[in-house]
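Geometric and topological summary
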Amino acid sequence: MSEVSSQLPAEPISAVGVITSINKAPDGYYVVAQTTDGSDADLWKDGLFKSKVTRYLCFTRKAGPDVVVDVKVIDIKDALPEGFTPVEETMDTKEAAMRKRRLCVKISPRAAAETAVYDIQIIAKSKYHLVNYTCIGEINNMGMWYRIGDVPQHQSSQETSSTDNTAAPLNTASRRTTSRPDYEHQSSGNYTLTALDDVPFVVSQKFFENPKEFHYNFSTERSIAV
């Protein structure tokens, strides 16, 4: 069993490629130049004949809209898995990326991905295994393994600000409504309440002593002396 860091990288892998030389990796790309035990991780090497042709796996964790959610190594004659894109050419020279085998990558928008690939390792012996890693396949008697992790999703600050601004006017309106006095322009049916409502109406005592001098006009609700 090979020792590999148990800590998950901060960002998932966003792109995978193959290059012809460990010195020709694009900016921001990590090259898998060695296996976990320190051997050469050349994906092209031939066990019978020495060749000057070399191929190395590389990947980047540059933050972007997409992430790598799966990787497969299949035979060159096998059908391409659904949703996967083959790595056909080297990134530096545009030559064939591999022989006999094909590296396939599945990309997904970050916002839609629940899990993604965080790390890829190559081991010298296919019978070995890595803790927390999954075997992708074998190339030249070497095993290729990857590690999957959850993709964190965060609410943007713009969405949070928009929600707060929408709620604020409603709270203000509510405060204005509850603080307004009850006697101001309250309406019930076709009758409008005023500040004089609920004030008791009392007839002067002198009109009780001389009833003929008092006449009540019900149409205007006013006391008129006769």
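Thresholds, definitions, all that
- Residues numbered from 1 in each chain as written.
- Predicted model: local features only at pLDDT ≥ 70, side-chain atom pairs only at ≥ 80, totals over all residues.
- Heavy atoms only, no water.
- UniProt positions renumbered as here; feature names shortened; annotations may be inferred.
- Phe/Tyr/Trp six-rings, centres within 6.5 Å; stacked < 30°, edge-to-face > 60°.
- Helix = DSSP H or I, 4+ residues; strand = E, 2+ residues; numbered from the N terminus.
- Lys NZ or Arg CZ within 6 Å of the ring centre and 35° of its normal.
- Buried < 20%, exposed > 50% of the residue type's maximum accessible area, 1.4 Å probe, protein only.
- Polar contact = N/O pair within 3.5 Å; in protein donor to acceptor, adjacent residues only side chain to side chain.

By the naming in an unreviewed UniProt entry, the chain goes by Multivesicular body subunit 12Bb and is assigned to Dicentrarchus labrax. One UniProt comment on the chain, placed under Subcellular location (unreviewed entry), says "Late endosome membrane". The Function (unreviewed entry) comment attached to the chain in UniProt states, word for word, "Component of the ESCRT-I complex, a regulator of vesicular trafficking process. Required for the sorting of endocytic ubiquitinated cargos into multivesicular bodies."

Between two aromatic rings, the relevant description is the distance of the centres plus the angle of the planes. Within the structure shown, the criterion is met by 1 aromatic pair. Measuring from ring centre to ring centre gives 5.4 Å for Tyr-30 and Phe-59, while their planes differ by 55°; the resulting arrangement is tilted. Here Phe-59 lies in strand β3 (residues 56-60) and Tyr-30 lies in strand β2 (residues 29-32), a separation of 29 residues in the sequence. Looking at Arg-55, its charged tip hangs above the ring of Trp-44, at a distance of 4.6 Å from the centre.

Attention shifts here to the side chain of Asp-119. Note on placement: Asp-119 falls in strand β7 (residues 115-123). With a relative accessible area of 8%, Asp-119 lands in the buried category. Of note is the side chain of Asp-119, whose polar atom sits 3.1 Å from the side chain of Gln-121.

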